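# Remarks on the overall topology
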Amino acid sequence: MLQSLGEKYKHTPNYEALNYALEGWEKLGKELKKPLLTVIDFTLPSTEKRLWVIDVEKREILLNSVVAHGRNTGELMAKSFSNTPESFQSSLGFFKTAETYQGKHGYSLRLDGLEKGFNDQARARAIVIHGADYASEEFAKSTGRLGRSLGCPALPPDLSSKVIDLIKDGSLLFIYGNDENYLKQSALVQP
């Protein structure tokens with residue numbers, strides 16, 4: 001799939017991130033309600049567009065955006081990940097998108113972590129997709145990095161509703177990071 005995406009689009013997820021995402025897709029795809037796979041590559045700096053919404057069946061990238069990581073995950077680069085409440089870190093792995101709601105950050109999307117020990121506390125931690133002023137390219141230009149969330153993958157406010165409406169209610173989200181422990185222990189990324 002990476003080759004076909006690379007032929008059509010200038011900016012695609014790196015091979016390793018997409019390969020792991022597709023391994024999980026193969027294992028979880030039957031449980032999903034939509035053929036959409038959202039990939040977040042936290043090996044890239046927060047100033048780069050590191051979120052892709054991909055239509056797996058059509059092999060098309062529907063959207064590409066910057067996305068913020070948790071404040072204790074790192075500054076420009078995401079380096080530390082956690083599943084622990086109050087850690088203010090991002091979690092890695094596969095999530096299923098759930099219902100929307102109006103919250104502190106406006107229109108938001110709940111996520112259910114699918115990997116015990118890595119992200120299964122997402123709902124209890126209120127790890128959701130939402131818009132935030134600090135998650136915009138303008139913010140990054142003025143500070144040298146995006147602002148950081150309490151662990152949520154926060155999006156630019158002018159794009160967050162579009163992304164949420166596209167992926168809500170049963171699509172797959174994969175958050176990739178340079179974390180050897182996750183890559184060795186997650187059953188979903190293994191071939």
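Residues numbered from 1 in each chain as written. Predicted model: local features only at pLDDT ≥ 70, side-chain atom pairs only at ≥ 80, totals over all residues. Heavy atoms only, no water.

## Observations concerning the layout of surface pockets
Once rolled over the atoms, a probe with the size of a water molecule shows which space is left empty. How we decide: Lining residues are defined by having an atom within 4 Å of a point belonging to a cavity or pocket. Those points lie on a 1 Å grid over the protein atoms alone, cavities being sets where a 1.4 Å probe fits but cannot get out and pockets being open sets with protein on both sides within 12 Å along at least five of seven lines. Grid points are joined across faces, edges and corners, and a volume is the space filled by probe spheres set on the points. Secondary structure follows DSSP: runs of H or I at least 4 residues long count as helices, runs of E at least 2 residues long count as strands, and numbering of each begins at the N terminus.
Estimated volume of the largest pocket: approximately 350 Å³. Lining of the largest pocket is provided by 21 residues; of these, Lys104, Arg125, Ala126, Leu150 and Cys152 occupy positions nearest its centre. Elements supplying a minimum of two residues to the lining of the largest pocket: β4 (93-103) and β6 (128-131).

## As for the sheet that holds strand β7 (residues 154-155)
We apply this condition: Strand pairing is defined by DSSP finding a minimum of two bridges between the two strands. Residue contacts are counted whenever heavy atoms from the two residues lie within 4.5 Å of one another. Here, axes are lines fitted to C-alpha atoms. For helices the fit covers the stretch in contact, and angles between N-to-C directions go from 0 to 180 degrees.
Strand order in this open sheet of 8 strands is β3-β2-β1-β8-β4-β5-β6-β7, and the pairing throughout is mixed. Here the strands that pair on one side only, and so sit at the sheet edges, are β3 (60-65) and β7. Bridging between strand β1 (residues 36-41) and strand β8 (residues 172-176) involves 5 bridges; their strand directions are parallel. Along β8, the bridge assignment pairs Asp41 with Tyr176. Relative to β8, helix α2 (residues 15-28) is tilted by about 145 degrees, and along the sheet it contacts β1, β2 (51-55), β4 and β8.

## A short note on α2
Condition: For a helix, the expected span equals 1.5 Å multiplied by the residue count minus one. Per-residue accessibility, obtained with a 1.4 Å probe over protein chains only, is compared with the maximum for each type, and a residue is labelled buried under 20%, exposed over 50%, and partly exposed between these values. Each polar contact in these results corresponds to two N or O atoms within 3.5 Å; when the atoms are within protein, one needs to be able to donate a hydrogen and the other to accept it, and residues that are neighboring in sequence are counted only if both atoms are side-chain atoms.
For α2, which comprises 14 residues, the first-to-last C-alpha distance of 20 Å matches the rise-based estimate of 20 Å (1.5 Å per residue) to within 8%. Within α2, the full set of buried residues consists of Ala17, Leu18, Tyr20, Ala21, Leu22, Gly24, Trp25 and Leu28. Its side-chain oxygen placed 2.8 Å from the backbone nitrogen of Glu16, Asn14 serves as the N-cap of α2.

## Some thoughts on the pattern of salt bridges
Selection criterion: For this document, the term salt bridge refers to a Lys or Arg side-chain nitrogen within 4 Å of an Asp or Glu carboxyl oxygen.
Taken as a whole and judged by the stated rule, the model has 8 salt bridges. The salt bridge involving Lys27 is made with Glu23; its shortest N-O contact spans 3.6 Å. Within this pair, Lys27 and its partner Glu23 are both found in helix α2, separated by 4 residues, close to a single helical turn. Sharing partners across several salt bridges, the network here consists of Glu99, Arg110, Asp112 and Arg123.

## Overview of the nonpolar core
Our working rule: Buried Ala, Val, Leu, Ile, Met, Phe, Trp, Tyr and Cys residues that are joined via side-chain atoms within 4.5 Å together make up what is termed a nonpolar core.
One finds Leu37, Phe94, Ile129, Phe174 and Tyr182 to be the most contacted residues of the largest nonpolar core, which totals 47 residues. Here the element with the most residues in this core is α2; it accounts for 7 residues. With residues near it in sequence (within four places) discarded, Phe174 still touches Ala17, Tyr20, Ala21, Thr38, Val39, Ile40, Gly93, Phe94, Tyr182 and Val189.

## Details of the packing of aromatic side chains
The criterion, for reference: Only centres within 6.5 Å qualify two rings of Phe, Tyr or Trp (six-membered ring in Trp) as a pair; their planes then separate them into stacked at under 30 degrees, edge-to-face at over 60, and tilted for everything else. Put simply, a charge is over a ring when the Lys NZ or the Arg CZ is close to the ring centre, within 6 Å, and near the line of the ring normal, within 35 degrees.
Applying the stated rule across the entire model yields 5 aromatic pairs. Among the aromatic residues, those joined into a cluster by ring pairs are Tyr20, Phe94, Phe174 and Tyr176. A cation sits over an aromatic face here: Arg110 above Tyr101, 3.9 Å from the ring centre.

## Some points on the pairing of β6
The alternating pattern of β6 places Val128 and His130 and Ile129 and Gly131 on opposite faces, both of which are buried. Of the strand pairs in this sheet, strand β5 (residues 106-113) and β6 are connected by 3 bridges, and their pairing is antiparallel. Paired with Arg110 across the two strands is Val128, which belongs to β6. Relative to β7, β6 is paired through 2 bridges, and the arrangement is parallel. By the bridge assignment for β7, Gly131 is matched with Leu155.

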